[in-house]
Amino acid sequence: MEKRMFVNQGLLPPISTFLPSRLPAIKDWPEDDRPREKVMYNGVRTLSHAELLAILINCGNKERSALELAKDILHSCNNNLTELSRLDISQLCSFPGIGVKKAVTILAALELCRRKQIGPLRRKALVRTAREASGWLRPLLTDQYYESFYVLFLNHANRLLHHACISTGGITSTTVDPRVVFRTALNHKATKLFLVHNHPSGNPRPSRADVSITRKLKQGGNMLDIQIVDHIIVTEHGYFSLLEDGLMDD
């Protein structure tokens, strides 16, 4: 008798019946592939961004594993950790499977990273150059969608005495009150100041307003014998120094 195939006649179930509807949960993966076990056996530095984020997320939902959720979030940020740091609770909670508890855990971990990076500021670091000043403050500034104006207050030996956010504004500008700057400087007995602010647009070039406030503060500092050493604009990719570009001159 001639053998016939009945696949197209509905006598055999479709091939999708034999395939899993989704990837197995992380707990069902081989032990060597699980993020926590990889940390234990190989060290935390061997993990990818997604695996580290999956550990914070802890568990997924019925549709997605923790690792899949982590990949979804990172994909929305173009796998850019700076973009991830800019997400707030409501944005994180917009991902199915991410609730307030998981969102807060992620934000707390990111904040610890920022505080570690600015740790030297709390230890009275020496700040002598634009590169050093921008390096200390970049973790605080590059995650923000709005402009913030910070000042580093130093003594005559370039030892950091205090740092403070003087003002925050919109996406393209912020207003700086010189009285606040110099009152803070006098309170901390500072004799040198580094001005630092961010440009969320990513363009490090100073605006006319940036140059104007720099010269205004420099003139006020001359009256009080307080030196405005430099005004630095930081972005995710680098910095611009008005001193190095010759824009600090009156």
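Above this text sits the structure in question.
Starting afresh in each chain, residues are numbered from 1 along the sequence in its written order. Local features in a predicted model are, by the rule used here, given only for residues with pLDDT of at least 70; side-chain atom pairs are given and counted only at 80 or more, and totals for whole chains, interfaces and linings are based on all residues. As a rule here, side-chain values come from all non-hydrogen atoms in the structure, and water together with hydrogens is ignored.

1. A word on the pairing of strand β4 (residues 227–235)
Think of it in three bands: residues with accessible area under 20% of the maximum for their type are buried, residues over 50% are exposed, and the middle band is partly exposed, with areas taken using a 1.4 Å probe on protein chains only. Numbered from the N terminus, helices here are DSSP runs of H or I no shorter than four residues, and strands are runs of E no shorter than two. A large share of β4 lies buried, amounting to 8 of its 9 residues. When DSSP finds at least two bridges between two strands, those strands are taken to pair. The pairing of strand β3 (residues 192–198) with β4 spans 7 bridges and is classified as parallel. What sits directly across from leucine 195, in β4, is histidine 231. With helix α10 (residues 208–224) bridging β3 and the parallel β4, this β-α-β connection has right-handed handedness. Looking at chain direction, β4 and strand β5 (residues 238–241) are connected through 4 bridges and run antiparallel. Each residue of the ladder has a partner; that of valine 234, found in β5, is tyrosine 239. Two successive antiparallel strands, β4 and β5, enclose a turn made up of 2 residues. Looking down the strands as they point away from you, a crossover is right-handed if its path from the first strand over the helix to the second goes clockwise.

2. Focus: the pattern of salt bridges
Every case where a carboxyl oxygen of Asp or Glu lies within 4 Å of a side-chain nitrogen of Lys or Arg is listed as a salt bridge. In this structure the tally under the stated criterion is 6 salt bridges. With a shortest N-O distance of 2.8 Å, arginine 86 and glutamate 83 are connected by a salt bridge. Arginine 179 is the salt-bridge partner of aspartate 177, the closest N and O atoms lying 3.1 Å from each other. Judged by relative accessible area, which is 27%, aspartate 177 ranks as partly exposed. Residues joined by salt bridges that share partners form a network here, namely Arg64, Glu68 and Asp72.

3. Some words on the environment of serine 94
Here serine 94 lies in the loop between α5 (89–93) and α6 (100–117). For the pair serine 94 and isoleucine 73, spaced 21 residues apart in the sequence, the C-alpha separation amounts to 9.9 Å. Polar contact criterion, stated in full: a pair of N or O atoms within 3.5 Å, where within protein one must be able to donate a hydrogen and the other to accept it, and residues adjacent in sequence count only if both atoms are side-chain atoms. At a separation of 2.5 Å, a polar atom in the side chain of serine 94 contacts the main-chain carbonyl oxygen of glutamine 91.

4. Focus on unusual backbone geometry
Phi at asparagine 58 is positive, roughly 80°, even though this residue is not glycine. Note that asparagine 58 resides in the loop between α2 (49–57) and α3 (66–76). Under the relative-accessibility criterion, asparagine 58 is labelled partly exposed at 46%. Look at asparagine 79: it is not a glycine, yet its phi comes out positive at around 55°. Counting through the fold element by element, asparagine 79 comes out in the loop between α3 and α4 (81–85).

5. Thoughts on the pairing of strand β2 (residues 160–168)
Pairing of strand β1 (residues 148–154) with β2, which is carried by 7 bridges, proceeds in the antiparallel orientation. When the sheet's bridge partners are listed, leucine 152 is paired in β2 with histidine 163. As consecutive antiparallel partners, β1 and β2 are separated by 5 residues, and within that stretch asparagine 158 has a phi angle of approximately 70°, a positive value.

6. Side note on the sheet that holds β3
An order of β2-β1-β3-β4-β5 is seen for the 5 strands of this open sheet, with the pairing classed as mixed. This sheet does not close on itself; its edge strands, each paired only once, are β2 and β5. Within the sheet, the average angular offset between the axes of one strand and its neighbour, ignoring direction, is 25°. Two strands pair when backbone bridges link them, and β1 and β3 are joined in this way by 6 bridges, in the antiparallel orientation. Bridge pairing in β3 places leucine 152 opposite phenylalanine 194. To obtain an axis, a line is fitted to C-alpha atoms, over the contacting stretch when the element is a helix, and the angle between two such axes runs from 0 to 180 degrees between their N-to-C directions.

7. A closer look at the packing of aromatic side chains
Two rings from Phe, Tyr or Trp (for Trp, the six-membered ring) form a pair when their centres sit within 6.5 Å of each other. Planes less than 30 degrees apart are called stacked, planes more than 60 degrees apart edge-to-face, and all others tilted. Overall, the coordinates contain 0 aromatic pairs when judged by the stated rule. Taking NZ or CZ as reference, arginine 86 lies 5.2 Å from the ring centre of tyrosine 145, over its face. Consider the ring centre and the ring normal. A charge sits over the ring if Lys NZ or Arg CZ is within 6 Å of that centre and within 35 degrees of that normal.

8. Concerning helix α1 (residues 35–42)
Those residues of α1 not exposed but buried are Pro35, Glu37 and Lys38. Looking down the long axis of α1, one finds its buried residues gathered within 160° of arc, a one-sided arrangement. Its buried side turned inward, α1 meets α2. The arc under discussion is defined with respect to the helix axis, by the directions toward the C-beta atoms. For this analysis, residues touch if any pair of their heavy atoms sits within 4.5 Å.

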